[in-house]
Structure formats: structure tokens, C-alpha cells
Amino acid sequence: MDERLLKISEAAEILGVSIDTLRRWDESGKLTAIKKEGGTHRYYWEKDIEIFASDLFKFASDWIKEGAEFPGTFYCPTSAVFQARLVKMERMIMEKPGFEKLYSLIVLVAGEIGDNSFAHNLGKWPDTPGIFFGYDIQKGTIVLADRGLGILETLRRVRPDLSTHVKAVEVAFTEFISGRAPEKRGNGLKLVREVVLTQPIDLFFVSGDAEVYLKGANKSFQVTRGPNVIRGCMAKINF
Amino acid sequence: MKLKLEKFGTTLMSRELGSEAFKAFQPTLLELYPSDELEIDFSGVLTLSSSWADEFLSPLLEKLAERLVLLPSDNLSVQATLKILQEANKRPFKFRFTPLDIANDLTG
């Protein structure tokens, strides 16, 4: 068994968080460290760090629900950082057997959702700017999230009649309107819907208490009301 | 005049960069003769989003109308993006079919 024990500084570097954060996570039980007999130094099994870092959806949902810290490797503070990481992901999907053509649609769906977060919250981020963007190409999972205004508040600026998250998300995915009118915008999520409905790509999208779940062979577009109200937007793409 | 879109990058994603590309292209566009067509070549582009294309191709279509000609592409994101833009703009793009496309069509 090739199990490697990592020092706290090594684990911190892999996860992109500070040593203090790891100490705090150890004390709270979020990520428990190993202490050698009689010692005070914290160590981590490399495999445990990998498993911890793989729960992308939990990191994203804990962040938008409670503002919980997550590994900095998943954080894109600006659109430029997001673009650079998207290109890196594009190369990885292109090399995945069977995805030689489909890769561009997967990148398109992730790119439009992420770009939407930046375009609609520019200069208006309520607290933390930027998005969570994590992916596991082997498992075929991409997770995006933002702590922005969310679809309802964004669209209300141009459609004051919108009263529920469900209606707002429905409009965002089906009508050509933009939260940044009079600029001509607002085709990104329509394209996402069209691509996901016709391709072997699954999508779970949440904003407020509105949920869109497009999964399996016979997908049909429907917005439903979920159990929780979340900040901003969160999306999980599977392929 | 032919424009290879990959000159602006191979992953054309954000609105911001689409708008920048359109501005950067203005001096070149001035060189286009009134009788000339502008051919858009998508080869080399890996991913084209509707956000980027809406900032670049939509204003070109408005400006050039029939003189904007798109070359065919087998890239799925290019095809999906052009389809949604035509719906959004309620106006079709003009496509150029190469002799090879016509031959493929004839032979099925």
C-alpha cells in the first residue's frame, strides 16, 4: 500500500487553504488530522486529502448556504481566472475517450453558467465576489456556484412583475431577456437548456428555492420548488 | 475578406472578451470594400459560446447584413451557438457551403 503521510503545510498547499484553516478544520472535526503518539504536529493521509477535496457539491453548497471556507483551488475571484481554468478543463475533457466532439458542448454549458454569474453580479456582489468552480473529469462532474444576487433579484430589475424564484428561473431558461437591459443579452441559459435537453449531459441548477433537474434519456424542462432557499446560483453538471 | 476567428483565441467564452474582440476588429473592418463579403472561418475554434458570439457576430450581422458569410463548421458548440443566435436575433445568418459539402450532400 503506497500511503503517504503529509505534513500540514503540504496538505494546505494541495487544498489551497492556510495552515490556520486546517487547524480550525481539525478542531471542528471538518477534516481531522493525525497526531503521532505524544506529538502535537498534525499530519494527513494523502488519500484522505484527495477524498476530502473530491466532494465538490458539498463544498459549493456549504459555501453558498453558510459562507463556509473551501479549498482555494476551486475559487475564481475574477472572470479572467475562470476563463483560464475553463481552458485547462477543456483540454482535459478533449482527451477523455468518447468526448472528442462532445467536449465543446460541456465547456459551453459550464462557461455560460459561470460567465452569467460574473456578468450579472459585476459591481453588485453582496459579499464575496467570484465563483466556486470545481471539476472531476474522471467522474464526469462539474460544480459551479456563486454568492451573488440570484436569478430573481437580477431579473426583477427588468421584469418587476416576477414574484417567485420558480417563475424567474423559468423565464431565465426560456425567454430572451436580460438582467442587464437595455444591453442586448440573455441567451446563455437558453442555450444551456437546449444543449442539455438534446445531449448526454445532466444538469441540476438551483437559485433561491427554484430547482431545475434535467437528467437521463427523456429529459423535459421543468422548474420546481425545492426545500431550501439558497443564495446566488449553484449548478452541477454530469456527463 | 476572410477572418479566422481563432485569431481571437480558441476558447471564445465571455461577453467581455467578445466585446473586446469586436472593438479590436474595427480598424480591419474599415479595410473591407463596400462590395466585399466578410467570411468567418471557425476552424481551429474549440469552444464558441453564445455570449461571445452575441458580442461579435450579432453586431457584424447588423452592420454587414448579407455581406457577412459564415463558413461551415463541424464543431458542436459553433453549431449550437449559431442556432440560438439566429433565434435570438430573429434573423438568419448567411452560410457558405464549400464544394466538399455539396459533394457530401449529393453522395449522401
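Rules and cut-offs
- Residues numbered from 1 in each chain as written.
- Chains lettered and ligands numbered in written order.
- Predicted model: local features only at pLDDT ≥ 70, side-chain atom pairs only at ≥ 80, totals over all residues.
- Heavy atoms only, no water.
- Core = buried A, V, L, I, M, F, W, Y, C linked by side-chain atoms within 4.5 Å.
- Buried < 20%, exposed > 50% of the residue type's maximum accessible area, 1.4 Å probe, protein only.
- Helix = DSSP H or I, 4+ residues; strand = E, 2+ residues; numbered from the N terminus.
- Domains from an automatic or database assignment.
- Contact = heavy atoms within 4.5 Å.
- Buried area = accessible area lost by both parts, 1.4 Å probe.
- Salt bridge = Lys/Arg side-chain N within 4 Å of Asp/Glu carboxyl O.
- UniProt positions renumbered as here; feature names shortened; annotations may be inferred.
- Pairing = 2+ DSSP bridges.
- Axes fitted to C-alpha atoms, helices over the stretch in contact; angles between N-to-C directions.
- Phe/Tyr/Trp six-rings, centres within 6.5 Å; stacked < 30°, edge-to-face > 60°.
- Lys NZ or Arg CZ within 6 Å of the ring centre and 35° of its normal.

### Considerations on the nonpolar core
Residues and elements named next belong to chain A.
Then step 1. One finds Met89, Ile113, Phe133 and Ile142 to be the most contacted residues of the largest nonpolar core, which totals 54 residues.
Then step 2. At 9 residues, helix 6 (residues 103–121) tops the list of elements feeding residues into this core.
Then step 3. Core analysis: the second largest hydrophobic core is formed by 27 residues, Leu15, Trp25, Leu31 and Phe74 among them.

### Examining the domain arrangement of chain A
Residue and element names in this part refer to chain A.
Then step 1. One can read the domain layout of chain A as domain 1 (5–54) and domain 2 (68–238).
Then step 2. Taking the mean C-alpha position of each, domain 1 and domain 2 sit 31 Å from one another.
Then step 3. Taken together, the contact pairs 10 residues of domain 1 with 8 residues of domain 2.
Then step 4. Of the roughly 600 Å² buried at the junction of domain 1 and domain 2 (both faces included), carbon and sulfur atoms supply 47%.
Then step 5. Counting across the domain 1 and domain 2 interface gives 1 salt bridge.

### A few points about the UniProt feature "domain: HTH merR-type" (unreviewed entry) in chain A
Then step 1. Per the UniProt annotation, the sites labelled "domain: HTH merR-type" (unreviewed entry) are residues 5–53 of chain A.
Then step 2. Secondary structure content for residues 5–53 of chain A is 53% helix and 18% strand, and the end C-alpha separation is 16 Å.

### Re the sheet that holds strand 1 (residues 5–7) of chain A
All names here are of chain A.
Then step 1. Reading across the sheet, the 3 strands line up as 1-3-2 and stay open at both edges, with antiparallel pairing between neighbours. A strand with exactly one partner marks an edge of an open sheet, and here the two such strands are strand 1 and strand 2 (34–35).
Then step 2. Lying on the sheet, helix 1 (residues 8–15) is in contact with strand 1 and strand 3 (42–45); it crosses strand 1 at an angle near 90°.
Then step 3. Against the sheet, helix 2 (residues 19–28) contacts strand 2 and strand 3, and its axis sits at roughly 80° relative to strand 3.

### Comments concerning the packing of aromatic side chains
Residue and element names in this part refer to chain A.
Then step 1. Tallied over the full model, the rule gives 21 aromatic pairs over all chains.
Then step 2. Between Phe59 and Phe74, the aromatic rings sit 6.0 Å apart at their centres with planes inclined by 40°, giving tilted as the arrangement. With Phe59 in helix 4 (residues 56–66) and Phe74 in the loop between helix 4 and strand 4 (75–76), this pair connects stretches of sequence that are 15 residues apart. Accessibility classification places Phe59 together with Phe74 in one group, the buried group.
Then step 3. The interplanar angle of 75° and the centroid separation of 5.5 Å between the aromatic rings of Phe99 and Phe239 together place this pair among those described as edge-to-face. Of this pair, Phe99 sits in the loop between helix 5 (79–94) and helix 6 while Phe239 sits in the segment after strand 8 (223–238), and the two are 140 residues apart along the sequence. With respect to burial, Phe99 and Phe239 carry one shared label: buried.
Then step 4. Taken together, Trp25, Phe52, Phe59, Trp63, Phe70, Phe74, Tyr75 and Phe132 form an aromatic cluster joined through their ring pairs.
Then step 5. A cation sits over an aromatic face here: Lys36 above Tyr43, 4.3 Å from the ring centre.
Then step 6. The ring of Phe221 carries Arg193 above its face, with NZ or CZ at 5.6 Å from the centroid.

### Concerning the side chain of Ser79(A)
Then step 1. Looking at where Ser79(A) falls in the secondary structure, it is placed in helix 5.
Then step 2. The exposure class of Ser79(A) is buried, given its relative accessible area of 11%.
Then step 3. Beyond its immediate stretch of four places on either side in the chain, Ser79(A) contacts Asp115(A), Phe118(A), Ser14(B) and Glu16(B).

### Regarding the environment of Ile40(B)
Residue and element names in this part refer to chain B.
Then step 1. Structurally, Ile40 can be placed in strand 3 (residues 38–41).
Then step 2. Relative accessible area serves as the criterion here: at 0%, Ile40 is assigned to the buried category.
Then step 3. Considered as a pair, Ile40 and Gly18 are 22 residues apart in the sequence and their alpha carbons are 15 Å apart.
Then step 4. Leave out the neighbours within four places in its chain, and Ile40 touches Leu3, Leu5, Leu57, Leu60, Leu68, Val69, Leu70 and Leu71.

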